[in-house]
Amino acid sequence: MYPAEIVMPMKAQLTSNGFEDLTTPEQVEAAIKQEGTTLVMVNSVCGCAAGAARPGVVMSLDNEKVPAHLTTVFAGFDVDAVAKAREFFAPFPPSSPAVALFKDGELVHMLERHHIEGHSADAIAENLKAAYNEFA
């Protein structure tokens, strides 16, 4: 597990922008099963999370349509919460960072690490905006 002093500033990049920090399996299950659209970001300490995923996810919120619920779990820190989130991501394999969009508890859009790594924050934002426009 990563030390809290490393993780907390990375969590804050999302929580300061309206994301709910899910730290238990129960919180994850309740969040995903909510009515409406729920975005779940699997946050990470890796460079592609810092350079593309977190900024891209935040930039994606500058859109007419956005998810009703914004949530995040942190890989390598909130281990049980991440494991529960990944149960809902099937058939996609574990990946971090990752971004999943649910509508009424059903997975409707997924960005895996290979969709994030090597791409710009702008590209991540545009991909997510297109999903919001379709499902939100």
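Structural data are supplied above this passage.
Summary of the structure given here.

About the criteria used
- Residues numbered from 1 in each chain as written.
- Predicted model: local features only at pLDDT ≥ 70, side-chain atom pairs only at ≥ 80, totals over all residues.
- Heavy atoms only, no water.
- Helix = DSSP H or I, 4+ residues; strand = E, 2+ residues; numbered from the N terminus.
- Buried < 20%, exposed > 50% of the residue type's maximum accessible area, 1.4 Å probe, protein only.
- Contact = heavy atoms within 4.5 Å.
- Pairing = 2+ DSSP bridges.
- Axes fitted to C-alpha atoms, helices over the stretch in contact; angles between N-to-C directions.
- Left-handed = near helix turned anticlockwise from the far one by under 90°.
- Nonpolar A, V, L, I, M, F, W, Y, C, P; charged D, E, K, R; others polar.
- Phe/Tyr/Trp six-rings, centres within 6.5 Å; stacked < 30°, edge-to-face > 60°.

Quick look at the environment of Tyr2
Thought 1: Summarising the element assignment, Tyr2 is placed in the segment before α1 (4–15).
Thought 2: Note on Tyr2: relative accessible area 38%, which makes it partly exposed.
Thought 3: Considering only alpha carbons, one finds Tyr2 and Phe74, 72 residues apart in sequence, at a separation of 9.8 Å.
Thought 4: In this view, Tyr2 contacts Val7, Val45, Ala75, Gly76 and Phe77; residues no more than four positions away in its chain are not counted.

A few points about the sheet that holds strand β1 (residues 20–21)
Thought 1: Pairing in this open sheet of five strands is mixed, and the strands run β1-β3-β2-β4-β5 from one edge to the other. Edge positions in the sheet fall to β1 and β5 (106–111), since each has one partner strand and no second.
Thought 2: Here β1 runs beside strand β3 (residues 69–74); their pairing, made up of two bridges, is parallel. Across the sheet, Asp21 pairs through a bridge with Thr72, a residue of β3.
Thought 3: Strand contacts of helix α3 (residues 47–60): β2 (37–43) and β4 (98–103), with the helix running at about 165° to β2, the strand carrying the most contacts.
Thought 4: Contacts from helix α4 (residues 79–88) reach β2, β3, β4 and β5 within the one sheet, and its direction differs from that of β3 by about 125°.

A short note on the pairing of β5
Within a regular beta strand, the side chains point alternately toward one face of the sheet and then the other, so they alternate between its two faces.
Thought 1: Inspection of the sheet shows β4 paired to β5 by five bridges, in the antiparallel sense. What sits directly across from Lys103, in β5, is Glu106.

Focus: unusual backbone geometry
Thought 1: Cis peptide bonds are those with omega within 30 degrees of zero, and the linkage from Ala90 to Pro91 qualifies with 15°.
Thought 2: For Pro91, the location among the structural elements is in the loop between α4 and β4.
Thought 3: The omega angle of the peptide bond from Ser96 to Pro97 is 0°, so this bond is cis rather than trans.
Thought 4: Along the chain, the position of Pro97 falls in the loop between α4 and β4.
Thought 5: Positive phi values are uncommon outside glycine, yet Asp104 reaches one of about 50°.
Thought 6: By relative accessible area, Asp104 is classed as partly exposed at 49%.

Let's talk about the packing of helix α2 (residues 25–32) against α4
Thought 1: Close contact between α2 and α4 brings their axes to 7 Å; oriented N to C, the two are set at 35°. In the crossing of α2 with α4, the sense of the turn from one axis to the other is right-handed. Contact with α2, carried on its side by Pro25, Val28, Glu29 and Ile32, involves Asp80, Ala81, Lys84, Ala85 and Phe88 of α4 and no other residues of that element.
Thought 2: Residues that form the contact of α2 with α4 fall into these classes: six nonpolar, no polar and three charged.

Things to note about the packing of aromatic side chains
Thought 1: By the definition in use, this model includes two aromatic pairs.
Thought 2: Ring geometry for Phe88 and Phe102: centres 6.5 Å apart, planes at 90°, overall edge-to-face. Pair noted here: Phe88 is in helix α4 and Phe102 is in strand β4, with a separation of 14 residues, a long-range link.
Thought 3: Relative accessible area serves as the criterion here: at 21%, Phe88 is assigned to the partly exposed category.
Thought 4: Accessibility expressed as a relative area gives 1% for Phe102, which makes it buried.
Thought 5: One aromatic cluster is present, formed by Phe88, Phe89 and Phe102 through successive ring pairs.

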